[in-house]
Amino acid sequence: MEQEKKFYTFLVYSENIAGILNQITAVFTRRQVNIESLNVSASSIEGVHKYTITAWCYDDQVIKITRQIEKKIDVIKANYFTDDQLFIRETGLYKLSTDIVMQNPEISRTIRHFDAKISEVNPTYIIAVKSGKTDDIMSLYNALNAFGCVLQYTRSGRIAVTRSTQEQVSEFLAQRELSRTVSD
């Protein structure tokens, strides 16, 4: 029986060192796993950066990828999650033709129906913004595209936090600091 690929989100924490992003993405390349989205930002812990990476892979691949990432010297912690274990958001930006939007009031109703916001209006284009899950953002894109008003569209990489009360890396760093104190 052939194994099915699943969609995983990797949360990786590292020190802010030049070149670590290349090292992390190289792990995926070596395993021939395509990264679907990538977001890097400062975490809630000073001096620690958080990488949110999504990819379709097999169960055995996700374990191997996580282990390989954790072996990198500047990586503090790496974990993988399924969507039900995370609180997830992305942002979609939709650049729409002002002329077409003004001629068809149904477009404005569609934007409101999807709980999107209009952030800029000028004589040439209108910018709509939608924050939410990937499916919601894509659904709005498909609805707007059906009106023929989309000039440009882009979607951000995923941002995610675990459903636990604190970042797992916080516990890891606390234990590491405790073991350093004990050994000194």
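Structure shown above.
What you see is a predicted model; the values in this text were computed from it and never measured.

**Q** So, the overall build of the chain: which residues are in play, and what are the values?
**A** If you tally the helices and strands in the chain, you get six helices and nine strands. Residue pairs in contact within the chain that sit at least 24 positions apart in sequence constitute 76% of those at least 6 positions apart. Here the chain displays about 11,000 Å² of accessible surface, and carbon together with sulfur accounts for 49% of that area.

**Q** Any chance you could break down a nonpolar patch on the surface for me, citing the residues and the numbers?
**A** Among the surface-exposed residues, L21, L38 and V40 lie close enough to one another that they form a single nonpolar patch of about 200 Å² accessible area. Relative to the assigned elements, V40 resides in strand β2 (residues 35-42).

**Q** Requested: an account of the packing of aromatic side chains, with residues and values cited.
**A** For the coordinates displayed, the defined rule picks out five aromatic pairs. Measuring from centroid to centroid gives 5.1 Å for F7 and W56, while their planes differ by 55 degrees, and the two rings are tilted. With a gap of 49 residues between them, F7 in strand β1 (residues 6-15) and W56 in strand β3 (residues 48-57) connect regions that are remote in the sequence. Here F7 falls in the partly exposed class, since its relative accessible area comes to 22%. Judged by centre distance (5.7 Å) and plane angle (85 degrees), the ring pair of Y8 and Y80 falls under edge-to-face.

**Q** How would you explain the side chain of T52 if you had to name every residue and give the values?
**A** In this fold, T52 is placed in strand β3. Residue contacts for T52: discarding those within four places in its chain leaves T9, F10, L11, S37, L38, N39, R158, I159 and A160.

**Q** Residue-level account of helix α2 (residues 59-70), with values.
**A** In this model α2 runs 17 Å from its N-terminal to its C-terminal C-alpha over twelve residues, within 8% of the 16 Å that 1.5 Å per residue would give. Taken as a whole, α2 has its buried residues at Q61, V62, I65, T66 and I69. For α2, the buried positions fall inside an angular range of 130 degrees around the axis, keeping them on one side. Structurally, α2 contributes buried residues whose contacts are with β1, α1 (20-30), β3 and β4 (75-81).

**Q** Can you explain the pattern of salt bridges? Please cite residues and give values.
**A** Evaluation of the coordinates by the stated rule reveals six salt bridges. The closest approach of N and O atoms between D59 and K6, which form a salt bridge, is 3.4 Å. Within this pair, whereas D59 is found in helix α2, its partner K6 is found in strand β1, the two being separated by 53 residues in sequence. Note on K6: relative accessible area 39%, which makes it partly exposed. In this structure, the salt-bridge partner of D83 is R158, at a minimum N-O distance of 2.8 Å. Here the residue D83 occupies a position in the loop between β4 and β5 (86-97), and R158 occupies one in the loop between β8 (150-155) and β9 (159-162), the gap between them amounting to 75 residues. Under the relative-accessibility criterion, D83 is labelled partly exposed at 35%. A residue is classified by how much of its surface remains accessible, and R158, at 4% relative accessible area, is buried.

**Q** Could you give an account of the pairing of β2, naming the residues involved and the relevant values?
**A** When β2 meets β3, the two strands line up antiparallel, connected through seven bridges. Across the sheet, the residue bridging to N39 is T52, located in β3. Here β2 folds back onto β3, and the loop between the two strands holds five residues, one of which, G47, carries a positive phi near 85 degrees.

**Q** An account of helix α4 (residues 105-113) is requested, with residue identities and associated values reported.
**A** I107, T110 and I111 are the residues of α4 that are buried. Buried positions in α4, seen along its axis, are confined to an arc of 100 degrees and lie on one side of it. Residues of α4 that are exposed and angled more than 90 degrees away from the buried face: R112 and H113. Packing partners of the buried residues in α4 comprise β5, α3 (98-103), β6 (117-121), β7 (125-132) and α5 (134-146). Here α4 starts with a cap whose side-chain oxygen sits 3.0 Å from the backbone nitrogen of E106, and that cap is N104. Downstream of α4 by one or two residues, D115 has phi in the positive range, about 60 degrees.

Calculation criteria
- Residues numbered from 1 in each chain as written.
- Predicted model: local features only at pLDDT ≥ 70, side-chain atom pairs only at ≥ 80, totals over all residues.
- Heavy atoms only, no water.
- Helix = DSSP H or I, 4+ residues; strand = E, 2+ residues; numbered from the N terminus.
- Contact = heavy atoms within 4.5 Å.
- Areas by Shrake-Rupley, 256 points an atom, 1.4 Å probe, with all protein chains shown as cover.
- Patch = residues over 30% accessible without salt bridge, like charges linked within 9 Å, V, L, I, M, F, W, Y side chains within 5 Å.
- Salt bridge = Lys/Arg side-chain N within 4 Å of Asp/Glu carboxyl O.
- Phe/Tyr/Trp six-rings, centres within 6.5 Å; stacked < 30°, edge-to-face > 60°.
- Buried < 20%, exposed > 50% of the residue type's maximum accessible area, 1.4 Å probe, protein only.
- Expected span 1.5 Å × (residues − 1).
- Arc of directions from axis to C-beta.
- Pairing = 2+ DSSP bridges.
- Polar contact = N/O pair within 3.5 Å; in protein donor to acceptor, adjacent residues only side chain to side chain.

Any functional reading would require information beyond the geometric quantities listed.
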